[in-house]
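# Residue-level structure breakdown
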Amino acid sequence: MSAHKEEKFIPKWIAWETTRRCNLSCVHCRCSSDMQSSMGDFTTEEAYKLIDDICEVSTPVLVLSGGEPLMRPNIFDIAKYGTSKGLRMCMATNGTLITDEVCTKMKEADIKMVSLSLDGSNAVVHDDFRQFPGAFDGVVRAAETMKRNGIKFLINSSFTKRNQSDIGATFRVAKSLGATAWYMFMIVPTGRGEEIMNELISKEDYEDILSWHYEQEKNENDILMRPTCAPQYYRIVQQTAKAEGVPFERRSLTFSTGGGKGCIAAQTICLIDCFGNLKPCSYFHSSVGNVKQVPFRELWFNSKVFNDLRDFKKYQGKCGECEFINVCGGCRARADAVYGDYMAEEPFCNYIPNRTRKRMEQKAGSGRAGSQIVTQCH
């Protein structure tokens, strides 16, 4: 790859699945984690080497994820090493294992941001989603503990049909807990998420929810907001702001994916699983290789899948024809999960691109003309 392309496509945010084991068994879990899942096979030395390899390419935000990362015994050794190499270390946890002692270790490792998971405004909704009685109380307790210890945290909230009516209330609880940011996740059907395909929010409701998010974010000053796995949002932002004739300025998130556009899988983000397999994002089914066997740099810059995703001219269906492709692109992992083709159109978008609409109108017009000729012949 040319030096120009290497400069354009560098990882700014990497999720590292440090373990697959988890004390919960959430209905949507992308890797089907539970207490019987693998701890992963990275030794401490291999973990350090991976960080060294990443630093040869860039110094991204590195999110220690899982499973539940706090179940990995050497997680804070890894965090400290990443910090020493100049990475912005973050952690994604379900919150149930957060204590004052854990917060002390987080501060010693200089973890910049912690994400907590909150999928409902009350215990009934959240505990059902997380399949664990007491999970809601655990998140609330974690937020209070981190506030007391001066640790910044954001809240991730995932939604399906079972809790979509609770989106607004969940957002308000996230604000009340003192979160720095709120990320609204729209489910990608991977892992256990494949088992609840019938629960995925419809494309029509999807559009309404993202429009609601726009109105909230436009007028929100107390908490930063980002919809995640929802690239259509950036099309909605452009459409709505243009219709209103008002520029929409978004506040930046220094610990975020670096996104100001839609799907950025393989462009500025990726996932490394607990066995070393590299994927374009946290929700892709297949990997492009293993970082223990092939250098991270080689896989990031030269894998076919990554380079396909960076070439918008290869996108198919409505996405390939869409005038908003440069700000959206559709969710590539969702296309892969639903159609088995990561270059296919976004299956949960109901927008009809101008080119597609014109072609449909021309086809319909030709059909009407043909039927008139047939009628006349009879």
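This text goes with the structure placed above it.
Here we summarise the structure given alongside this text. Fair warning: this is a prediction, and the values are worked out from it, not measured in the lab.

What counts as what
- Residues numbered from 1 in each chain as written.
- Predicted model: local features only at pLDDT ≥ 70, side-chain atom pairs only at ≥ 80, totals over all residues.
- Heavy atoms only, no water.
- Salt bridge = Lys/Arg side-chain N within 4 Å of Asp/Glu carboxyl O.
- Helix = DSSP H or I, 4+ residues; strand = E, 2+ residues; numbered from the N terminus.
- Contact = heavy atoms within 4.5 Å.
- Buried < 20%, exposed > 50% of the residue type's maximum accessible area, 1.4 Å probe, protein only.
- Phe/Tyr/Trp six-rings, centres within 6.5 Å; stacked < 30°, edge-to-face > 60°.

Here the focus is the pattern of salt bridges. In this structure the tally under the stated criterion is 22 salt bridges. A salt bridge links Asp41 to Lys292, with the shortest nitrogen-to-oxygen separation between them at 2.9 Å. In this pair, Asp41 sits in the loop between β1 (13-17) and α2 (44-55) while Lys292 sits in the loop between β10 (289-290) and α10 (296-302), placing the two residues 251 residues apart along the sequence. Among the salt bridges present, the one from Glu215 reaches Lys218, with a minimum N-O distance of 3.2 Å. In this pair, Glu215 and Lys218 both sit in helix α8 (residues 203-218), 3 residues apart, roughly one turn of the helix. Residues joined by salt bridges that share partners form a network here, namely Glu17, Arg20, Arg30 and Asp273.

Position of Leu64 among the secondary structure elements: in strand β2 (residues 61-65). Each C-alpha atom of the pair Leu64 and Arg359 lies 47 Å from the other, and the pair is 295 residues apart in sequence. Not counting residues up to four positions away in its chain, the partners in contact with Leu64 are Trp16, Thr18, Pro69, Ile75, Ile78, Ala79, Met89, Cys90, Met91 and Ala92.

Note that the residue after Gly66, namely Gly67, is joined by a cis bond; omega there is 20 degrees. Mapped onto the elements, Gly67 comes out in the loop between β2 and α3 (75-84). With phi around 55 degrees, Ser32 is a residue other than glycine that occupies positive phi space. Relative to the elements of secondary structure, Ser32 occurs in the loop between β1 and α2. Here the phi dihedral of Ala266 falls at roughly 70 degrees; this positive angle occurs in a residue that is not glycine. Residue position: Ala266 is located in the loop between α9 (232-244) and β8 (269-272). On the accessibility criterion, Ala266 (0% relative accessible area) is buried.

Turning our attention to the environment of Phe129. Here Phe129 is to be found in helix α5 (residues 123-130). Non-local contacts of Phe129, meaning those with residues more than four positions away in its chain, are made with Cys26, Val27, His28, Asp119, Ser158, Thr160, Arg162 and Asn163.

This part is about the packing of aromatic side chains. Within the structure shown, the criterion is met by 12 aromatic pairs. Seen in terms of ring centroids, Trp16 and Phe42 are 5.3 Å apart; in terms of plane orientation they differ by 75 degrees. Their pairing is edge-to-face. Highlighted residues: Trp16 in strand β1 and Phe42 in the loop between β1 and α2, separated in sequence by 26 residues. Pair check on accessibility: Trp16 and Phe42 agree, each one buried. With centroids separated by 5.7 Å and ring planes inclined at 70 degrees, the aromatic side chains of Phe324 and Tyr351 adopt a geometry described as edge-to-face. With Phe324 in the loop between α12 (317-321) and α13 (332-339) and Tyr351 in the loop between α13 and α14 (354-377), this pair connects stretches of sequence that are 27 residues apart. The same class applies to Phe324 as to Tyr351, namely buried.

By secondary structure assignment, the location of Arg235 is in helix α9. Residues within four places of Arg235 in sequence aside, it is in contact with Glu207, Phe324, Val327, Cys349 and Tyr351.

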